[in-house]
Amino acid sequence: MDSIFPTAEQLTAALRAGEVTSAELTDEAIARIERDDDAINTICVPDFDRARAAARGADRARARGEDRPLLGIPVTVKESYDIAGLPTTWGLPPHRNHVPAEDAVQVSRLKAAGAVVLGKTNVPVGLQDVQTFNEIYGTTNNPWDHRRTSGGSSGGSAAALASGFGALSIGSDLAGSLRTPAHFCGIYAHKPTLGLAASRGMVLPPGPALPAEHDFAVVGPMARSARDLTLLLDVMAGPDPLTLGVAYHLTLPPARHERLRDFRVLVLDEHPLIPTGSAVRAGVRRVADALVDGGARVEWDSPLLPDLTEAAVLYTKFLFSGSVARFPVEAYEQLQARAGRLSADDQSLDAARLRGMVFSHRDWIEANSFRELHRHGWRQFFAEFDAVVCPITPTPAFPHDHEPDLMKRRIDIDGVEYPYFDQLVWAGLATMPGLPATAVPAGRSPEGLPVGVQLIGPMFEDRTPLRLAELLEQKIGGFQAPK
């Protein structure tokens, strides 16, 4: 496998200088996929013929003097996005033959920006796992260690980028689905502010592609550099032209600061509900040391920080309240009976998951009121700080675990087992209030696995954590290709 993969920014410079053509870049990417992807299994739906045609069209457009943001750049797209003429299954066998007739809004934006779509990347069943495998397309392996997961649910996109299969990819995030694969595969990803980027056409099949935004869920960019994240976010951001886009145009505020020494950062490496593994804690400390060395104001505690336990419980209830919407009535009634037997004193995450699964509308409204209080708390926090640095999950990538009952799975943290879904509490820190969060590489574990951290920023100030990611990349380095 190659040791150096150029960024989209570098490829654009080469295209503008006439040093390479899009057709050449596309052929090179396809050749790499055909050579290396059998062992990793990232590109589940190749679209090479149309990619080559699009690349030739991009070269003709550049010859005419056109210069769009992604003109001629080979990219991949998460399988859950609709692409006209290609299957969208979400890894669900009953929908293996579902072929949309229209592109998702974000695919349309990629193509309008001149990108060359190589194909679609693998996902977990229903996008509901921290790993990427399904009956239709099989298992996606981690490029650093094929015995381990690439993460989920954007695990195919992360593994593709780490393997050099295209310069950019687009994914989605509800429970860390952009950030966790980035952390596990050593790349960059950005979970935008809730509502910043339209998601029409990223819909569970066979549902129609309606312009409805779903609670918690966002779509966002993945890349091999922080600057590439910003480049792709600028293409993706903006309201759906069928709804808010009729009246509004997006203008993101600039980053709060340009220099590392001007940032005010809170660093967290411990959560009250789950320990942080030593490898991840070392990554957080490495970033914290770089911030201090760069002159940033770094704190490790603040009374302004919203309560982490309450936030995690709220997030867990919200997250699992949507997971049973299509359960058979009998199964739902069994869950109700189990939840009714819970002790009022049981405030564990297991109890929160069960209570969330049987939320009434009244329960949801009450929880949403608490969420608004947390959002207000974050506004007060970001009046004094610019970003939070914290883990994405407690561990690096773990070995494949295909136990069908997800509630029986366990996550090993430095030799001690914990419930599988407890690892989501760190992802929920940004997701529950809808904050932007940028995943950045932060070194390697003793076993040589990538370790990442997330930079959480103020709502709709996405350029602030993205700029901090750029400065950290300059300070401690960024993506390295698997050996």
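Below you will find a few notes about this structure. Treat the numbers as computed from the prediction; the structure is a model and nothing was measured.

1. A short note on the packing of aromatic side chains
For the structure shown, the criterion picks out 12 aromatic pairs. With 4.7 Å between their ring centres and 10 degrees between their planes, F381 and F385 make a pair best called stacked. Judged by its relative accessible area of 3%, F385 falls in the buried class. The interplanar angle of 70 degrees and the centroid separation of 5.4 Å between the aromatic rings of Y420 and F421 together place this pair among those described as edge-to-face. Residue class for Y420 comes out buried when judged on its relative accessible area of 2%. Three or more aromatic residues joined by ring pairs make a cluster, and in this case those are F184, F320, F398, Y420 and F421.

2. Topic: the packing of helix 7 (residues 226–236) against helix 14 (residues 463–476)
For the pair helix 7 and helix 14, interaxial distance at closest approach is 8 Å and the crossing angle is 155 degrees. With respect to helix 14, the element helix 7 is oriented roughly antiparallel. Between helix 7 and helix 14, the residues in contact are A226, R227, L229, T230, L233 and D234 and R463, L466, A469, E470 and E473, respectively.

3. Focus: helix 5 (residues 155–162)
Of all eight residues in helix 5, eight are buried, a share of seventy percent or more. Listing the buried residues of helix 5 in full gives G155, G156, S157, A158, A159, A160, L161 and A162. Where helix 5 terminates, the next one or two residues include G164, which has phi positive at roughly 85 degrees.

4. Here's the deal with the nonpolar core
Proteins that are soluble and globular tend to have nonpolar side chains buried together. Judged by nonpolar contacts, the single largest core of 67 residues is most densely connected at Y81, L168, L291, V389 and L468. Not counting chain neighbours up to four residues away, the residues in contact with L291 comprise L260, V265, A296, V298, V389, L468 and L472. In this structure, L305, F320, L435 and I456 belong to the second largest nonpolar core, which totals 48 residues.

5. Details of the sheet that holds strand 13 (residues 387–391)
An order of 1-3-2-8-10-9-16-17-13-11-12 is seen for the 11 strands of this open sheet, with the pairing classed as mixed. Sheet topology places strand 1 (43–46) and strand 12 (297–299) at the edges, where each strand pairs with a single neighbour. Taking each pair of neighbouring strands and ignoring which way they run, the sheet shows an average axis angle of 30 degrees. As paired elements, strand 11 (residues 264–267) and strand 12 share three bridges and run parallel to each other. Across the sheet, residue R264 finds its bridge partner in strand 12, namely R297.

What counts as what
Residues numbered from 1 in each chain as written. Predicted model: local features only at pLDDT ≥ 70, side-chain atom pairs only at ≥ 80, totals over all residues. Heavy atoms only, no water. Phe/Tyr/Trp six-rings, centres within 6.5 Å; stacked < 30°, edge-to-face > 60°. Buried < 20%, exposed > 50% of the residue type's maximum accessible area, 1.4 Å probe, protein only. Axes fitted to C-alpha atoms, helices over the stretch in contact; angles between N-to-C directions. Helix = DSSP H or I, 4+ residues; strand = E, 2+ residues; numbered from the N terminus. Parallel < 35°, antiparallel > 145°, perpendicular 65-115°, else oblique. Contact = heavy atoms within 4.5 Å. Core = buried A, V, L, I, M, F, W, Y, C linked by side-chain atoms within 4.5 Å. Pairing = 2+ DSSP bridges.

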